[in-house]
Structures are given as structure tokens and as C-alpha cells.
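For reference, the chains in residue letters:
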Amino acid sequence: MANKQKSLSEVVSWLSDGAHLSFGGFAHSLAPMAFVREMIRQNIKDLEISALGEAWAVDMLSAVGAIKKVRMSNFMFEGWGRCQNFSRAVEKGEIEVEDYSHFGISNRFFAGSIGVPFVPSKSMNGTDITNIVRFDKGQKFKEYECPFTGEKVLLIPSVRPDFAIIHASRADQNGNVQLFGISSSSEVIAKAAKKVIVTVEEIVDEDVIRQEPAYTMLPGFLVDAVVHVPYGAHPAGMYKYYDFDKDHIDHYIKASRSESQLSEYLNEYILSSKDHMDYLEKIGIQKLLDLRADPYYGYSLKTRGELPC
């Protein structure tokens with residue numbers, strides 16, 4: 001089989017301005033942040049994004065004006081509040097928004113993942129979400145009467161992004177990808193996309209993958225490239241690898257409230273970092289070790305504490 005392991009800079013260069021993307025991750029887990037930071041370094045812009053709650057990717061790309069359109073469900077930093085950069089860009093009219101419930105956008109990805117043009121659903125029946133038109137001024141849904149029961153359902157159209165960007169636990173060089181813990185629909189998003197790029201914490205031998213097939217989220221034939229990026233979700237976390245970085249999230253959220261402080265943050269951690277390893281050096285080895293998960297519990301015993309309220 002072909003070796004699908006690539007470098008981070010190479011796979012990001014596959015993206016063109018105006019690409020339609022989706023990202024894995026939800027709240028403070030599984031976010032493909034090393035990929036997002038490299039996108040910012042390479043100045044990828046004018047993006048269209050279909051998103052199921054992957055707030056980190058969308059907020060950071062909004063911070064540099066890289067997004068034009070977003071079809072989305074709820075975005076928020078759980079425990080910290082609204083996504084300041086995304087909200088500010090929407091309020092300024094810089095980003096067009098097409099909103100759905102979580103289950104509504106999930107249905108769009110599901111339809112794309114199984115290759116059908118739409119799926120029926122009761123989700124969002126009777127809500128104002130159905131009254132807002134799409135970017136192209138077309139219908140977001142089509143009301144339909146079930147021929148078997150007479151019930152009213154919504155026909156929800158599929159969505160097929162150009163690329164899905166997923167962060168997972170480990171993969172082999174053939175592109176077989178495994179994930180420990182809840183997937184947050186990452187596999188459905190990947191199957192809906194035309195191309196799939198996966199960043200992972202570890203590259204392992206094919207025999208390791210074969211020994212524990214229950215963890216395999218995506219088989220190699222669905223994956224176009226895998227990239228080895230330890231701590232690739234930071235400041236979000238990865239179950240069994242490391243916790244989310246509360247201190248760094250505090251720093252980012254505070255910086256996001258001011259455009260001047262935001263510019264300083266972007267320069268310090270992204271634009272002046274030549275690559276992902278340079279970024280990790282700025283975070284510091286002691287902090288990264290403190291975040292490391294205990295192998296028995298799956299999370300760090302050094303960083304336990306309550307989220308801010």
C-alpha cells in the first residue's frame with residue numbers, strides 16, 4: 001500500500017483560497033489546531049466552512065479574516081463563553097452565517113457520508129431556523145409529508161466539503177486511523193468530504209492497528225494523508241494523551257477581547273513560530289508534561305480543576 005504520511009506544511013499547501021472545509025473536534029477536545037496554525041502561516045483565506053461545533057478552528061481562522069461563509073450549529077468555548085473573534089466578524093458583516101441545530105447539521109453530513117442527496121428528519125420542525133435562507137438564497141429544507149404515516153418531516157440536503165481536517169489518536173502509514181474516546185462525529189464528517197487529512201498524536205506500525213481494531217475510526221482507503229503532530233490539538237485536549245490547557249485558554253480568551261492583544265497573541269504563538277515544534281517550545285516542556293494524561297485514568301492528575309463560570 002502507498003505511504004500516506006506527509007508533512008504538515010505539505011498537506012496545508014493542498015488547500016486553495018476559497019476552499020470548502022470542515023474540521024473535526026468539539027469544544028476543547030480533538031481540535032486539529034496544529035493544522036489551523038499552519039493554515040494561518042500559509043495565509044489560506046476566503047474559506048467556506050461547514051461546522052459541527054468545532055469552535056477552536058473557526059474562531060482562530062476568524063481572528064485572521066480567513067473565513068467568508070459558515071454553515072454551523074452552536075459555537076462557544078464551553079466554560080468560557082462566546083467565541084469573540086467569530087462573533088466580532090459576524091457582527092461586522094465579514095462572515096455570512098447559515099445556522100442549524102447540532103442534529104440538523106449532523107444530518108447534512110450524514111447524508112453526504114452515505115452518498116444520498118438528502119435525509120428526512122424531524123429536527124428543527126417549527127423553529128425559526130427553517131425560515132432563514134441559504135447563502136445561495138435557496139431553501140435550507142423542504143417540508144414533506146411522509147407517504148407512510150402522514151407526518152410532516154423536513155428533507156435536509158447533504159453537504160460535501162472539499163476537505164475534512166481531523167485530529168485523532170494514532171494511525172499507520174497506510175492511513176488507517178484510530179481514536180480513543182468519543183469521536184464527536186469526526187468519522188461522519190470525514191466520510192462526507194471529498195478529501196480527508198488526518199493529523200495524529202502517533203504513527204504506529206500496521207500490526208499495532210490490527211491488534212486493536214475496535215479503535216479504528218477510518219480505514220486507510222478513506223484517508224488521503226496522515227500527519228504526525230504530537231500535541232496537535234493544543235490548547236484543546238486529547239483523551240489518553242493530554243488535557244486541555246486551561247492557562248493557555250485563559251490567555252487566548254483574554255487576548256481575544258482586544259484586537260491589539262489578539263494581534264500580539266497571533267504574532268507570539270503563530271506568525272513568529274516557524275512550525276509546530278517551535279510553537280510547542282513556546283508553550284514549554286514543563287507545561288506539556290503537566291498536561292500529559294495518566295495512563296490509567298486517561299487524563300492528567302496534575303491539572304484537575306473547575307472550569308471558569
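In this report, we go over the structure that sits alongside the text.

What counts, and at which threshold
- Residues numbered from 1 in each chain as written.
- Predicted model: local features only at pLDDT ≥ 70, side-chain atom pairs only at ≥ 80, totals over all residues.
- Heavy atoms only, no water.
- Helix = DSSP H or I, 4+ residues; strand = E, 2+ residues; numbered from the N terminus.
- Buried < 20%, exposed > 50% of the residue type's maximum accessible area, 1.4 Å probe, protein only.
- Lys, Arg positive; Asp, Glu negative; His and termini not counted.
- Salt bridge = Lys/Arg side-chain N within 4 Å of Asp/Glu carboxyl O.
- Contact = heavy atoms within 4.5 Å.
- Axes fitted to C-alpha atoms, helices over the stretch in contact; angles between N-to-C directions.
- Parallel < 35°, antiparallel > 145°, perpendicular 65-115°, else oblique.
- Left-handed = near helix turned anticlockwise from the far one by under 90°.
- Polar contact = N/O pair within 3.5 Å; in protein donor to acceptor, adjacent residues only side chain to side chain.
- Pairing = 2+ DSSP bridges.
- Phe/Tyr/Trp six-rings, centres within 6.5 Å; stacked < 30°, edge-to-face > 60°.
- Lys NZ or Arg CZ within 6 Å of the ring centre and 35° of its normal.

Section: the side chain of Asp278
By the secondary structure assignment, Asp278 is in helix α10 (residues 276-283). One buried charge, Asp278, has no salt-bridge partner; the nearest side chain with opposite charge is Lys282, at 4.7 Å. Contacts of Asp278, omitting those with residues within four sequence positions, involve Ser272 and Ser273.

So, the packing of helix α3 (residues 55-63) against helix α8 (residues 246-256)
Taken N-terminus to C-terminus, the directions of α3 and α8 make an angle of 40 degrees; their axes are 12 Å apart at the nearest point. Accordingly, the angle class assigned to the pair α3 and α8 is oblique. Where α3 crosses over α8, the handedness of that crossing is left-handed. Of the residues in α8, those touching α3 at Trp56, Asp59 and Met60 are Ile249, Tyr252 and Ser256.

With respect to the side chain of Lys140
On the secondary structure map, Lys140 appears in the loop between β5 (118-121) and β6 (142-145). Within polar-contact distance, the side chain of Lys140 engages the backbone oxygen of Asp99 at 2.7 Å. Within the structure, the side chain of Lys140 is placed 2.9 Å from the backbone oxygen of Ile129, a separation counted as a polar contact.

Observations regarding the pattern of salt bridges
With the rule as written, the count across this model stands at 17 salt bridges. For the salt bridge of Arg108 with Glu98, the shortest nitrogen-to-oxygen distance reads 3.3 Å. Of the two residues, Arg108 sits in helix α5 (residues 102-113) while Glu98 sits in strand β4 (residues 96-99), which places them ten residues apart along the sequence. Between Lys122 and Glu151 there is a salt bridge, and its shortest N-O distance comes to 2.5 Å. Of this pair, Lys122 sits in the loop between β5 and β6 while Glu151 sits in the loop between β6 and β7 (152-157), placing them 29 residues apart in sequence.

Regarding the sheet that holds β5
Strand order in the open sheet formed by three strands is β5-β7-β6, and the pairing between neighbours is antiparallel. Two strands lie at the open edges of the sheet, namely β5 and β6, each paired on one side alone. Each strand axis lies, on average, 35 degrees off the axis of its neighbour in the sheet, ignoring direction.

What about the packing of aromatic side chains?
For the structure shown, the criterion picks out 14 aromatic pairs. Between the aromatic rings of Tyr100 and Phe141, the centroid separation amounts to 5.7 Å while the plane-to-plane angle is 75 degrees, which identifies the pairing as edge-to-face. Taken together, the positions of Tyr100 in the loop between β4 and α5 and Phe141 in the loop between β5 and β6 put the pair 41 residues apart, joining distant regions of the chain. What makes Tyr100 buried here is its relative accessible area of 4%. The class of Phe141 is buried, set by a relative accessible area of 8%. The rings of Trp56, Phe77, Tyr252, Tyr265, Tyr269 and Tyr279 are connected pair by pair, giving a single aromatic cluster. Above the ring of Tyr279, the side-chain terminus of Arg37 is found at 3.7 Å from the ring centroid. The ring of Tyr100 has Lys140 lying over it, and the distance from NZ or CZ to the ring centre is 4.8 Å.

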